[in-house]
Amino acid sequence: MKIAIASDHGGFDLKQKLIAYFANKNMPLEDLGTHSTESVDYPDFAKKMSLHILQKKADLGILICGTGIGVSIGANRFKGIRAALVYSPVVADLAKRHNNANILVFGGRTMAFEDVVSCIETFLNATFEGGRHQKRIDKLDME
Ligand code: RB5
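Note that the structure is predicted; figures quoted are calculated from it, not measured.

Thresholds applied
Here the residue numbers are simple positions, counted from 1 along each chain's written sequence. The predicted origin of the model limits local features to residues at a pLDDT of at least 70 and limits the giving and counting of side-chain atom pairs to 80 or more, whereas totals for whole chains, interfaces and linings rest on all residues. With hydrogens and water set aside, each side-chain value is computed from the structure's full complement of heavy atoms. Nearness is judged by heavy atoms alone; a residue qualifies as near a molecule or strand once a single heavy atom is within 4 Å of it. Here a polar contact means two N or O atoms within 3.5 Å. Within protein one must be a hydrogen donor candidate and the other an acceptor candidate, and residues neighboring in sequence count only if both atoms are side-chain atoms. Here, Shrake-Rupley sampling with a 1.4 Å probe gives the accessible areas, and only protein chains in the shown set may cover a residue. Using a 1.4 Å probe on the protein chains alone, a residue whose accessible area is under 20% of its type maximum counts as buried, one over 50% counts as exposed, and one in between counts as partly exposed. Starting at the N terminus, helices and strands are each numbered in turn, a helix being any DSSP run of H or I of at least four residues and a strand any DSSP run of E of at least two. In short, DSSP must find at least two bridges between two strands for them to pair. For helices, the fitted axis covers only the stretch in contact; all axes are lines through C-alpha atoms, and the angles between them, taken along N-to-C directions, range from 0 to 180 degrees. Here roughly perpendicular refers to angles of 65 to 115 degrees, roughly parallel to angles under 35, roughly antiparallel to angles over 145, and oblique to all remaining angles. When the near helix sits turned anticlockwise from the far one by under a right angle, the crossing is termed left-handed; a clockwise turn instead gives a right-handed crossing. Working rule for contacts: check all heavy atoms of both residues, and any pair within 4.5 Å makes them a contact.

(A) Main features of the site of the ligand. Inspection of the region around the ligand gives Asp8, His9, Tyr42, Cys65, Gly66, Thr67, Gly70 and Arg109 as its neighbouring residues. Thr67 is positioned with one of its backbone polar atoms (N or O) 3.0 Å from an oxygen atom of the ligand. Here an oxygen atom of the ligand sits 2.9 Å away from a polar atom, N or O, in the main chain of Gly70. In isolation the ligand has 290 Å² of accessible area, and contact with the protein removes 71% of it.

(B) Spatial organisation of the pairing of strand E3 (residues 60–65). Among the 6 residues in E3, 6 count as buried, and that is most of the element. Here E3 shows a buried face lined by Leu60, Ile62 and Ile64 and a second buried face lined by Gly61, Leu63 and Cys65. Pairing of strand E1 (residues 3–7) with E3 involves 5 bridges; the strand directions are parallel. By the bridge assignment, Ala4 is partnered in E3 with Gly61. Relative to strand E5 (residues 103–107), E3 runs parallel, the two sharing 5 bridges. Its bridge partner lying in E5, Leu63 is registered against Val105.

(C) How the structure looks around the packing of helix H4 (residues 89–97) against helix H5 (residues 113–125). One can describe the packing of H4 onto H5 by two numbers: an axis separation of 8 Å at closest approach and a directional angle of 30 degrees. In terms of orientation, H4 and H5 fall into the roughly parallel class. In terms of crossing hand, the pair formed by H4 and H5 is right-handed. Contacts between H4 and H5 pair Pro89, Ala92, Asp93, Ala95 and Lys96 from the former with Ser118, Cys119, Thr122 and Phe123 from the latter.

Here you go:
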């Protein structure tokens, strides 16, 4: 599975820690930026990640801003994107089982690193249930 990661300046520190953590586990994360703590605009990174996923250049995206709210709003404007602002392993599990999220979103200033790792690992171990949940997902993209 190919996983990409992107953040604004508010999520930069968490992004760097996640890249290092997963590299250590032989799970490289493709880094779409930003590349420093210099102030940038979160919609640019939400768009970059959304297009990356829609173009099938990665199977899953991880997006981070200060709270996670800005990049969630941005990413969910793209048809076909299901960006889930996740804050606990229970929610991460359901984001896969029920929503089949294709982007996981975290708040770099609101979540502890260890909790984010637990959420990502829980999500990766979960399976989409399909059935009635597929029907609901299909409705999200209807005109
Ligand atoms: C940037 O200061 C901050 O507004 C951004 O990271 C994010 O939290 C927006 O929702």
